[in-house]
Amino acid sequence: MSVQTKATIASFGGKLLKLAHNATTTNCEMGFNLYLPPQTTINALHKVPLIIYLAGLTCTGDNGAEKGFFQHAASQKGIAILYPDTSPRGLKIEGEDDSYDFGSGAGFYVDATREPWSKGYKMYSYITSELPKTVFENFKEIDGERVSIFGHSMGGHGALTLFLRNPGKYKSVSAFAPIANPINCDWGKRAFEGYFGEENKEKWAEHDATELVKKWKGEPLDILIDVGTADNFYKQGQLLPENFVNAAEGKGKVNVRWQDGYDHSYFTMATFADDHINHAARYLLEKA
Ligand SMILES: N[C@@H](CCC(=O)N[C@@H](CS)C(=O)NCC(=O)O)C(=O)O
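Here the structure is a predicted model, which means the values were calculated and not measured.

### Concerning the pairing of strand β2 (residues 14-23)
Reasoning step 1: In terms of residue burial, β2 counts as a mostly covered element, since eight of its 10 residues are buried.
Reasoning step 2: In the sheet, strand β1 (residues 4-11) pairs with β2 via seven bridges, with the strands oriented antiparallel. What sits directly across from Q4, in β2, is A20.
Reasoning step 3: Where β1 folds back on β2, the antiparallel hairpin that results is connected by two residues, among which F12 adopts a positive phi of roughly 50 degrees.
Reasoning step 4: Judged from the nine bridges that link them, β2 and strand β3 (residues 28-36) form a sheet pairing that is antiparallel. Looking at β3, one finds that A20 is bridged to G31.
Reasoning step 5: Hairpin connection, β2 to β3: the antiparallel pair is bridged by four residues, and N27 has positive phi, about 65 degrees.

In structure tokens form, the structure reads like this:
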């Protein structure tokens, strides 16, 4: 599985690589970004852990890499960052590019079971399996045994659900403004109806962080979540973090920090980026 390098950009002493590969799960070429911290160039034998950043609606792998400021702390800690795209592109499915919250840019990190989306909208398999396998094969400086995950909005939903569905696969999880209970908000209902079908409510629950956390039987949780008090999507009831916190009662620590005056944008993420990388670093470096 070869990877094509489109650009190499110096960033915080390391390298941000703009890459692409032909993915079989999503049936198209997928672009992604990979940040290699300075530790990998200083000593090629030094293996670094990886954190996967899942972006939100309308995003590609570029948004987090260019506006999240995650490379700052990652370069200090010696952590690589993988920035995937949020959906397949150009599958020529009717209506694919018509709305910002469904289809391209809105894969919701699920494997669609409903036609025609089931042809390539397999972002769950792509993120949990095909993409990391490709990265570990092509970049030997990354330690495939030490991987964490985090994300924003739709990507926060992705990070929480991938972590909760795969106990032990990821060393830690955190999120900015996650869609924490998609089966009960408009964004989630639209996506799950489209990708799974209206009738398939069991499948909906399998990809809902609030439903999943109720069933959690793994290690005590330690989840960091930032939500801005000026986040319009929170105010519209798209995020529902309180439902997640209530459902996680007795399962460990869910630290929701209400950030006064902050909105849904990348300014919020850039501001608290270091905290999320440091949260992951505790599990990827100190407890590993
Ligand atoms: N276009 C949508 C908003 C979409 C949106 O805010 N997307 C967030 C993730 S949910 C984002 O990160 N956008 C890209 C950016 O800010 O760089 C609207 O106008 O309501």
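From this point, the narrative continues.
### Re the site of the ligand
Reasoning step 1: Lining the immediate surroundings of the ligand are G56, L57, T58, C59, N63, K67, Y100, H152, S153, F233, H264 and Y266.
Reasoning step 2: A distance of 3.0 Å is found between a nitrogen atom of the ligand and a backbone nitrogen or oxygen belonging to L57.
Reasoning step 3: N63 is positioned with one of its side-chain polar atoms (N or O) 2.8 Å from an oxygen atom of the ligand.
Reasoning step 4: Within the complex, 68% of the 500 Å² of free accessible area of the ligand lies under protein.
Reasoning step 5: When the residues that make up the shell around the ligand are grouped by side-chain class, the tally is five nonpolar, six polar and one charged.

### A closer look at the UniProt feature "active site" (unreviewed entry) in the protein
Reasoning step 1: Within the UniProt annotation, "active site" (unreviewed entry) is assigned to S153, D231 and H264. Across 112 residues of sequence, these annotated residues stay compact in space, with a maximum C-alpha separation of 10.8 Å.
Reasoning step 2: Looking at the element boundaries, S153 is found in the loop between β6 (142-152) and α5 (154-165).
Reasoning step 3: Given the relative accessible area of 3%, S153 is considered buried.
Reasoning step 4: Contact partners of S153, with chain neighbours within four places excluded, come to G56, F176, A177, P178, I179, W187 and H264.
Reasoning step 5: As for its placement among the helices and strands, H264 is situated in the loop between β9 (252-259) and α11 (266-286).
Reasoning step 6: Residue H264 is classed as buried on the basis of its relative accessible area, which comes to 14%.
Reasoning step 7: Setting aside chain neighbours within four positions, we find H264 in contact with H152, S153, A177, D231, F233 and L239.

### Concerning the nonpolar core
Note that soluble globular proteins tend to have their nonpolar side chains buried in a common cluster.
Reasoning step 1: Within the largest apolar cluster, 71 residues are counted, with the highest numbers of intra-cluster contacts made by L34, F108, I142, I149, L164, Y195 and F244.
Reasoning step 2: Setting aside anything within four residues of it in sequence, one finds I149 in contact with I51, I52, L54, A159, L162, F163, Y170, S172, V173 and S174.

So, how was this worked out
- Residues numbered from 1 in each chain as written.
- Predicted model: local features only at pLDDT ≥ 70, side-chain atom pairs only at ≥ 80, totals over all residues.
- Heavy atoms only, no water.
- Buried < 20%, exposed > 50% of the residue type's maximum accessible area, 1.4 Å probe, protein only.
- Helix = DSSP H or I, 4+ residues; strand = E, 2+ residues; numbered from the N terminus.
- Pairing = 2+ DSSP bridges.
- Near = heavy atom within 4 Å.
- Polar contact = N/O pair within 3.5 Å; in protein donor to acceptor, adjacent residues only side chain to side chain.
- Areas by Shrake-Rupley, 256 points an atom, 1.4 Å probe, with all protein chains shown as cover.
- Nonpolar A, V, L, I, M, F, W, Y, C, P; charged D, E, K, R; others polar.
- UniProt positions renumbered as here; feature names shortened; annotations may be inferred.
- Contact = heavy atoms within 4.5 Å.
- Core = buried A, V, L, I, M, F, W, Y, C linked by side-chain atoms within 4.5 Å.

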